[in-house]
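One-letter residues, chain by chain:
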Amino acid sequence: MAELTLTRIDNRLIHGQVIVKWSRIANSNRILIVDDTLSNDPFMVDIYQMAAPSGMKVELMSTEEAGKSYQKDELGEGKIMLLFKTVSSAFAAYQKGLHFPTLQLGGIPNEQGKKKIVTAVSVDSTELKQICELHNEGVEVSAQIIPEESKISFDEILKRVGE
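For the protein, the name recorded in an unreviewed UniProt entry is PTS mannose/fructose/sorbose transporter subunit IIB, with Vagococcus vulneris as its organism. Reading the Subcellular location (unreviewed entry) entry of the UniProt record for the protein gives the comment "Cytoplasm".

Okay, here's the thing in structure tokens:
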């Protein structure tokens, strides 16, 4: 049975030193990107597979496929770093059966209508509601951009967005 060693939202998904550092800390040998749009784009699948650290297997699945595979224990073997591009993808996958125990907010750009949690992590009201629902389901939610920075707890996230 596969082990989820890190579940992270990062809109850039696989990128530079951050992903290399996180994959080492998570002790992962596989990356599973869950995204409904990207999973249906063969060109982007190839791009992300080429962008992964050497020796790291990369797979892309839709939220539906990931949920079903997890529920049927069909994610295979190994230690998986689970990546989402958006909060809504993480929320949808969880609702469809991909029950991850932790969720790290790592790269969610600031756009109009969003409240900043930390420099590279901002959420709008819908995303905040989804994060709160995941927390209420028992998911340990935190924010952390890079391993060298301190983790921001769920309670601190709520304080920073004024909830």
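Trainee: Report on the sheet that holds strand β4 (residues 79-84), specifying residues and quantitative values.
Mentor: With respect to topology, seven strands assemble into an open sheet ordered β3-β2-β4-β1-β5-β8-β9, the strand pairing being mixed. A single partner strand is all that each edge strand has here, and the edge strands are β3 (57-61) and β9 (152-153). Relative to β4, strand β2 (residues 30-34) runs parallel, the two being bridged by five bridges. Residue pairing across strands places Ile 31 opposite Met 81, the latter belonging to β4.

Trainee: Kindly report on the packing of helix α4 (residues 87-95) against helix α5 (residues 125-136), identifying the contributing residues and their values.
Mentor: When two helices pack together, their arrangement is given by the angle between their axes and by how far apart the axes lie. With their axes 9 Å apart at the nearest point, α4 and α5 run at an angle of 35° to one another. The chirality of how α4 crosses α5 is left-handed. Packed against α4, whose contacting residues are Val 87, Ser 88, Phe 91 and Tyr 94, the element α5 presents Glu 127, Gln 130, Ile 131, Glu 133 and Leu 134 at the interface. Here the contact of α4 with α5 is composed, by residue class, of five nonpolar, two polar and two charged.

Trainee: If you had to explain unusual backbone geometry to someone new, which residues and values would you point to?
Mentor: Residues apart from glycine generally show negative phi values, whereas peptide bonds are mostly found in trans. Look at Asn 27: it is not a glycine, yet its phi comes out positive at around 55°. As for its placement among the helices and strands, Asn 27 is situated in the loop between α1 (16-26) and β2. One non-glycine residue, Asp 73, lies in the positive phi region at around 55°. Tracing the backbone shows Asp 73 in the loop between α3 (63-71) and β4.

Trainee: Run through the nonpolar core, naming residues and quoting values.
Mentor: One finds Phe 84, Leu 98, Phe 100, Leu 103 and Leu 105 to be the most contacted residues of the largest nonpolar core, which totals 37 residues. Looking at which element gives the most residues to this core, the answer is α4, with five residues. Sequence-distant contacts of Phe 100, that is, excluding residues within four places in its chain, are made with Leu 4, Thr 7, Leu 82, Phe 84, Ala 90, Tyr 94, Leu 134 and Val 139. Grouped together as the second largest cluster of nonpolar side chains are 17 residues, Trp 22, Ile 33, Val 45 and Met 56 included.

Trainee: Pulling in residues and values, what's your account of the pattern of salt bridges?
Mentor: Tallying each qualifying case throughout the model produces seven salt bridges. Across the pair Lys 114 and Glu 127 runs a salt bridge whose closest N-O atoms are separated by 3.4 Å. On the criterion of sequence distance, the pair formed by Lys 114 in the loop between β5 (102-107) and β6 (115-118) and Glu 127 in helix α5 is long-range, its members being 13 residues apart. Accessibility classification places Lys 114 together with Glu 127 in one group, the buried group. The shortest N-O distance in the salt bridge between Lys 151 and Glu 140 comes to 3.4 Å. With a gap of eleven residues between them, Lys 151 in the loop between β8 (140-143) and β9 and Glu 140 in strand β8 connect regions that are remote in the sequence. A residue is classified by how much of its surface remains accessible, and Lys 151, at 49% relative accessible area, is partly exposed. Taking the relative accessible area as the measure of exposure, Glu 140 reaches 44% and is therefore partly exposed.

Conventions adopted
- Residue positions are given per chain, counted from 1 along the sequence in the order it is written.
- A pLDDT threshold of at least 70 governs which residues receive local features in this predicted model, and a stricter bar of 80 or more applies before side-chain atom pairs are shown or counted, although totals over entire chains, interfaces and linings include all residues.
- Computation of side-chain values: all heavy atoms of the structure, hydrogens and water removed.
- UniProt positions are given in the numbering used here, feature names are shortened, and annotations may be inferred rather than shown by experiment.
- A pair of strands is treated as paired once DSSP finds two or more bridges between them.
- The numbering of helices and of strands both runs from the N terminus, where a helix is a DSSP run of H or I of at least 4 residues and a strand a run of E of at least 2.
- Here the axes come from fitting lines to C-alpha atoms, over the contacting stretch only for helices, and the angles between their N-to-C directions go from 0 to 180 degrees.
- Should the near helix be turned anticlockwise from the far one by less than a right angle, the crossing is left-handed, and should it be turned clockwise, the crossing is right-handed.
- Every residue pair with non-hydrogen atoms within 4.5 Å of one another is taken to be in contact.
- Gly counts as polar in this scheme, as do all residues outside two lists: the nonpolar Ala, Val, Leu, Ile, Met, Phe, Trp, Tyr, Cys and Pro, and the charged Asp, Glu, Lys and Arg.
- Among the buried residues, those of types Ala, Val, Leu, Ile, Met, Phe, Trp, Tyr and Cys that are joined through side-chain atoms within 4.5 Å form a nonpolar core.
- Each residue is placed in one exposure class: buried if its accessible area under a 1.4 Å probe, protein chains only, is under 20% of its type's maximum, exposed if it is over 50%, and partly exposed if it falls in between.
- Salt bridges, as used here, are contacts in which a Lys or Arg side-chain nitrogen is within 4 Å of a carboxyl oxygen on Asp or Glu.

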